[in-house]
Amino acid sequence: MPRLPLAAALLCGVLITLSCGLLSHCGKQSSRGQAAYVHTEAILAFGPRPPASEALGKARAYLTTTLAQNGWVTQEREFTAFTPKGQITFVNLVARHSPHGDSSDLWNKPVTGILCAHLDSKLFDDQIFLGADDAASAAAAILELAAGLSKSPARAQQLELVFFDGEESIGPQFTDRDGLYGSRRYASDWRRQDLKPKFGLLLDMIGHKNLSIKIPSDSPEDLADLLFRVARAEGEENHFRKGPTPILDDHVPLNAISIPTLNIVGDFAATNWWHNSRDNLDNISPDSLDTTIRVVHAMLDNLLPTP
Ligand SMILES: [Zn+2]
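As a starting point, this report considers the structure included with it. Note that the coordinates shown come from a computational prediction; the quantities given were computed from them, not determined experimentally.

Reading guide: rules and limits
- Numbers given for residues are sequential positions, taken from 1 along each chain in its written order.
- Restriction of local features to residues with pLDDT of at least 70 applies here, the model being predicted, together with a cutoff of 80 or more for giving and counting side-chain atom pairs; totals for whole chains, interfaces and linings are based on all residues.
- Linking buried Ala, Val, Leu, Ile, Met, Phe, Trp, Tyr and Cys residues through C-beta atoms within 7 Å yields a set, and such a set is a nonpolar core.
- Once C-beta atoms are placed from the backbone, each residue is buried if 20 or more other C-beta atoms lie within 10 Å of its own, exposed if 12 or fewer, and partly exposed for counts between those two.
- Secondary structure elements are taken from DSSP: a helix is a run of H or I of four residues or more, a strand is a run of E of two residues or more, and numbering for both begins at the N terminus.
- A residue pair is marked as a contact if its C-beta atoms, positioned from the backbone, fall within 7 Å.
- DSSP-based pairing: two strands are paired if at least 2 bridges between them are found.
- The angle between two axes is taken between their N-to-C directions and runs from 0 to 180 degrees, where each axis is a line fitted to C-alpha atoms and a helix contributes only its stretch in contact.
- Any angle that falls under 35 degrees is termed roughly parallel, while one over 145 is termed roughly antiparallel, one within 65 to 115 roughly perpendicular, and all others oblique.
- Should the near helix be turned anticlockwise from the far one by less than a right angle, the crossing is termed left-handed; should it be turned clockwise, right-handed.
- The residue classification treats Ala, Val, Leu, Ile, Met, Phe, Trp, Tyr, Cys and Pro as nonpolar and Asp, Glu, Lys and Arg as charged. All others, Gly included, are polar.

### A word on the nonpolar core
Nonpolar side chains in soluble globular proteins tend to be buried together. Ala-117, Ala-139, Ala-141, Ile-142, Leu-203, Leu-227 and Ile-264 are the most contacted members of the largest nonpolar core, which has 72 residues in total. Among the elements that take part in this core, helix H4 (residues 132-149) stands out by supplying twelve residues, more than any other. Those residues within four positions of Ile-142 in sequence are excluded, and the remaining contacts are Leu-115, Ala-117, Leu-161 and Leu-203.

Written as structure tokens, this is what we have:
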């Protein structure tokens, strides 16, 4: 690239800064989407991530290291469950913000909200399934949101991050007993507690090209209203709508124990990539990730009180 004289370079810098303030899609804003894209790519590089796989363990280690760089402490919560393929050991990864490290009471403090996604990918015997948008991209978006939140520690400390294991069924189809292993276990941990979080936000399939989010019909009304309000304020309302039916996903066990949880989920049934090998990195768009990150960040600004 030819070099510019210093004065011209400075002027360019001023113009770029000015235009970033005026345009909603300048490079600076989409850098959050780009960062989440890089996290998605890193998670996919480990290969398919079914429960108890080495790749899933490596993905969890990547999340732990990345979160630690921004003051988030993690805990691996291991449990076993019977599945159509016998007993499997699952691990939920939970994180809280604590820039000064783990403390004895860190995990007993009440939190205002939960931000969660599943990290496992569905097991297929007949194809390589990476689950780029189902749901590596959601975990990646949470890493980027966590980095942003860490700049406001008082807010970050009101949130618990959760990366569920075993969202996908081990057999071909969801049943009452096969699927949602991690979120069912996580919800049962909260059931016994008096001070539950006031809300949950679940991200699932939120980074695909031509972003199309369709929340379930049984979404908590105030959280759905807030989603549409902030999406409008961000100029992104065309990407978000409400579907006519409920969806069985990780929000269901949380709603069942009275933690109202919104599933911000892609319109997967309308795609040609859901649960097949097309759900790879080519399916992911930094701009879509950026849209989701900005909208969820704006929701959290509304939901987490300023101390
Ligand atoms: Zn899936």
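Now that the structure has been shown, we can carry on.
### Quick notes on the sheet that holds strand S1 (residues 72-83)
Backbone-to-backbone hydrogen bonds pair the strands of a sheet. The strands run either parallel or antiparallel. Strand order in this open sheet of six strands is S1-S2-S4-S3-S5-S8, and the pairing throughout is mixed. At either margin of the open sheet sits one strand with a lone partner, and together these are S1 and strand S8 (261-265). If you compare each strand with its neighbour and ignore which way they point, the axes differ by 20° on average. Its contacts with the sheet place H4 against S1, strand S3 (113-118), strand S4 (159-164) and strand S5 (199-204), and it is angled at close to 145° to S3. Strand contacts of helix H9 (residues 286-303): S3 and S5, with the helix running at about 175° to S5, the strand carrying the most contacts.

### Digging into the packing of helix H7 (residues 221-233) against H9
Their axes nearest at 9 Å, the elements H7 and H9 cross at an angle of 120°. Comparing their axes, H9 and H7 come out oblique. The handedness of the crossing between H7 and H9 comes out as right-handed. Residues Leu-226, Leu-227, Val-230, Ala-231 and Ala-233 of H7 touch H9, and the partners they reach there are Val-295, Ala-298, Met-299 and Asn-302. A per-class count over the contact of H7 with H9 returns eight nonpolar, one polar and no charged.

Nothing here speaks to function; it is geometry throughout.
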